[in-house]
Amino acid sequence: MKKGNFDMKFNNQLNTMIHKLVTNAAAAVADITDGSTLMLGGFGLCGIPENCIQAILEKGTTNLTCISNNAGVDDFGIGLLLQQKRVKKMISSYVGENEEFERQLLSGELEVELIPQGTLAFRCMAAGYGMPAIYTPAGVGTEVAAGKESRIFDGKEYLLETAFNADFAIVKAWKGDTDGNLIFKSTARNFNPLMAMAGKITIAEVEELVEPGMLDPDQIHTPGIYVHRIFEGKNYEKRIEKRTTSK
Amino acid sequence: MLDKEGIAKRIAKEVKNNTYVNLGIGIPTLVANYLHEGINVCFQSENGLLGVGPFPKEYAVDPDVINAGKQTITALPGASSFDSAMSFGMIHSKKIDLTILGAMEVSENGDIANWKIPGKMVKGMGGAMDLVASAKHIIVAMQHVNKAGESKLLAKCDLPLTGKNCVKRIVTELAVIDIAPEGGFVLIERAPGVSIEQIKNATAGKLLINGDIPEMAL
């Protein structure tokens, strides 16, 4: 809640800020229990919540269901949780860069639901917009359609896909303020704002945390109402999966 | 016979002026290097960027700016970035004029398989199922036969499908082939030095040859 000298019947108590600031990643993830369902933002290793993943790893939380576009690489990102067998189930669209993931999947140790990337995005979006489900043509005529309700609109078939239901959404933003407003940078945006809207509890780690009023309201990607906890992360490694350059 | 660069070069001829194009991983990415002069194209990367530019100089590498293949890239002047729902929104609302992607198998009715080999390889479909479900025009870039020497152009796909009845054109190291509306692989062009016999031998599905088949010009 912003402080302001409006000529309205606000009293001082109504002007009190909703408290969202936590001291660090460990505090932010402290109540994530074994068996929780987590949404984790990022595309590949780009825009992943590095600090929170590390904190969950150190906390020992296990039996997790992770909704995330990818599964990291063997020794970074969600791959760190997979290595220690903390993940019971992954819901992802592409997992090609992670050998340990593929091994656990093919051996049956890890439950995996592979879904189209757009469907992943739309199921997050639906949750964030309070919609129970969406229709998409992605996956029609494939094994993704098995057991799903479908419907024809204007002669084309669409699958009914339901909104995700996650206990926690964990996202990474470029900048944020202590009211929870977030701004993302370039392609590090990806699933982050969608997941931020979709979690029952949303945790945001940001590269730079500022006071309310420092961010231009017109530039905010995620309004603070969606964010329950925020902190400034540290030591971002931002590992690059495929460093490609031109001469 | 064409190499990968040759396949990309031939596909570049298919890219029309003033269009939005999505390039898949592998050979499709190379197409951007061979666009003809005067062809104005805006590349979309489904992880959330319109206006994808060339790979950065070493000093300009930014880990926050990547393409869907997770390669570091640049954003051209006039580029825009957005979240994944908006990205697939522009795909499903048919704003993308052309999708170029790779495949493991294509069937003679335009089905495509490129995301899974049961029991052996599971990478996932990524954005491919969305792209093939809604693209206005789909060109597949691939080798005509797999590593075991078996044809990838089949009567019916053996592998799990990515999409049904969606591929319009295939460009391989041997040929340019269209999918006939009633089914079948229509031979359009031969690669330099490749005979019709070679193409026939490498195509397991029904190959339709109408009249003289020209050699492709690159």
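For the structure, check the block above.
About the thresholds
- For every chain, the first residue of the written sequence is number 1, and numbering continues from 1 along that sequence.
- Whichever chain is written first becomes A and whichever ligand is written first becomes 1, with later ones labelled in order.
- Reporting of local features is limited, given that this is a predicted model, to residues whose pLDDT is at least 70; pairs of side-chain atoms are given and counted only at 80 or more, and all residues count toward the totals for whole chains, interfaces and linings.
- Heavy atoms throughout the structure, all of them, feed into the side-chain values; hydrogens and water do not.
- Helix and strand definitions here come from DSSP, where helices need a minimum of 4 consecutive H or I residues and strands a minimum of 2 consecutive E residues; each element is numbered from the N-terminal end.
- In this treatment the radius of gyration is a C-alpha quantity, and the globule benchmark scales as 2.2 Å times the residue count to the 0.38 power.
- Each residue is placed in one exposure class: buried if its accessible area under a 1.4 Å probe, protein chains only, is under 20% of its type's maximum, exposed if it is over 50%, and partly exposed if it falls in between.
- Each accessible area is a Shrake-Rupley result for a 1.4 Å probe, and residues are judged covered by the shown protein chains and nothing else.
- Positive charges come from Lys and Arg alone, negative charges from Asp and Glu alone, with His and the N- and C-terminal ends not counted.
- We put the charge of a Lys on NZ, of an Arg on CZ, of an Asp on CG and of a Glu on CD.
- The salt bridge definition used is simple: a Lys or Arg side-chain nitrogen within 4 Å of an Asp or Glu carboxyl oxygen.
- In this scheme, strands are said to pair when DSSP sees at least two bridges between them.
- Axis definition: a line fitted to C-alpha atoms, over the contacting stretch in the case of helices. Angles run 0 to 180 degrees between N-to-C directions.
- These descriptions rest on fixed angle ranges, namely under 35 degrees for roughly parallel, over 145 for roughly antiparallel, 65 to 115 for roughly perpendicular, and the rest for oblique.
- Each helix crossing is assigned a hand: it is left-handed if the near helix lies turned anticlockwise from the far helix by less than a right angle, otherwise right-handed if that turn is clockwise.
- The contact definition used throughout considers only heavy atoms, calling two residues in contact when any of these lie within 4.5 Å.
- For this classification, the nonpolar set comprises Ala, Val, Leu, Ile, Met, Phe, Trp, Tyr, Cys and Pro, the charged set comprises Asp, Glu, Lys and Arg, and every other residue, Gly included, is treated as polar.
- Buried area, as used here, totals the accessible surface that two parts lose on assembly, with accessibility defined by a 1.4 Å probe and the loss added over both.
- Polar contacts here mean pairs of N or O atoms no more than 3.5 Å apart (in protein, one a potential hydrogen donor and the other a potential acceptor; neighbouring residues in sequence count only if both atoms are side-chain atoms).

*Asks:* Can you explain the overall build of chain A? Please cite residues and give values.
*Replies:* On a plain count of helices and strands, chain A comes out with six helices and eleven strands. Taking 18 Å as the expected radius of gyration for a compact globule of 247 residues, we find that chain A reaches 19 Å, a close match to that expectation. Along the longest, intermediate and shortest principal axes, the C-alpha atoms of chain A span 60 × 50 × 45 Å. Among the 247 residues that make up chain A, the fraction classed as buried is 55%. Counting only carbon and sulfur atoms, one obtains 50% of the accessible surface of chain A, whose full area is about 11100 Å². Of the side-chain charges in chain A, 26 are positive and 31 negative, and the distance between the mean point of each set is 2 Å.

*Asks:* An account of the pattern of salt bridges is needed here, citing residue identities and associated values.
*Replies:* Summed over the entire model, instances satisfying the criterion amount to 25 salt bridges over all chains. In this structure, B:Arg10 engages B:Glu14 in a salt bridge whose closest nitrogen and oxygen atoms are separated by 2.9 Å. Each member of the pair, B:Arg10 as well as B:Glu14, is classed as buried. Among the ionic pairs, B:Asp111 bridges to B:Lys164, the shortest N-O distance being 3.9 Å. Of this pair, B:Asp111 sits in the loop between β6 (105-107) and β7 (112-113) while B:Lys164 sits in the loop between β11 (153-154) and β12 (169-171), placing them 53 residues apart in sequence. For B:Asp111, a relative accessible area of 7% puts it in the buried group. Members of the salt-bridge network, linked through shared partners, are A:Lys172, A:Lys185, A:Glu207, A:Lys238, B:Asp62 and B:Asp64.

*Asks:* Go over the pairing of strand β4 (residues 111-114) of chain A, please, and point to the residues and values.
*Replies:* Relative to β4(A), strand β3 (residues 87-92) of chain A runs parallel, the two being bridged by four bridges. Residue pairing in the sheet places A:Ile91 in a bridge with A:Glu113 of β4(A).

*Asks:* Can you lay out the packing of helix α5 (residues 117-129) of chain A against helix α3 (residues 84-92) of chain B for me, pointing to particular residues and giving the numbers?
*Replies:* Look at α5(A) against α3(B): their axes get within 8 Å of each other, and the N-to-C directions meet at 120°. Considered as vectors, α5(A) and α3(B) are oriented oblique to each other. Every pair of crossing elements has a handedness; the one defined by α5(A) and α3(B) is left-handed. Counting all contacts with α5(A), which are made through A:Gln117, A:Gly118, A:Ala121, A:Phe122 and A:Met125, the residues of α3(B) involved are B:Ser84, B:Ala85, B:Phe88, B:Gly89 and B:His92. Each residue belonging to the contact of α5(A) with α3(B) can be placed in one class, and the counts come to five nonpolar, five polar and no charged.

*Asks:* Break down the interface of chain B and chain A for me, with residues and values.
*Replies:* Listed as interface residues are 49 residues of chain B and, on the opposing side, 49 residues of chain A. In this assembly, chain B packs against chain A so that about 4000 Å² is buried in total across both faces, 58% of it on carbon and sulfur atoms. If you sort the residues of chain B by the area they bury against chain A, B:Asp64, B:Lys70 and B:Lys123 come out on top, with a joint share of 19%. Remark: the boundary between chain B and chain A carries five salt bridges. In this structure, the salt-bridge partner of B:Lys116 is A:Glu143, at a minimum N-O distance of 2.7 Å. Linking chain B to chain A there are 24 residue pairs in polar contact (both at pLDDT 80 or more). At the level of secondary structure, the elements contributing two or more residues to the side of chain B that touches chain A comprise α3, β9 (121-122) and α4 (128-134) of chain B.

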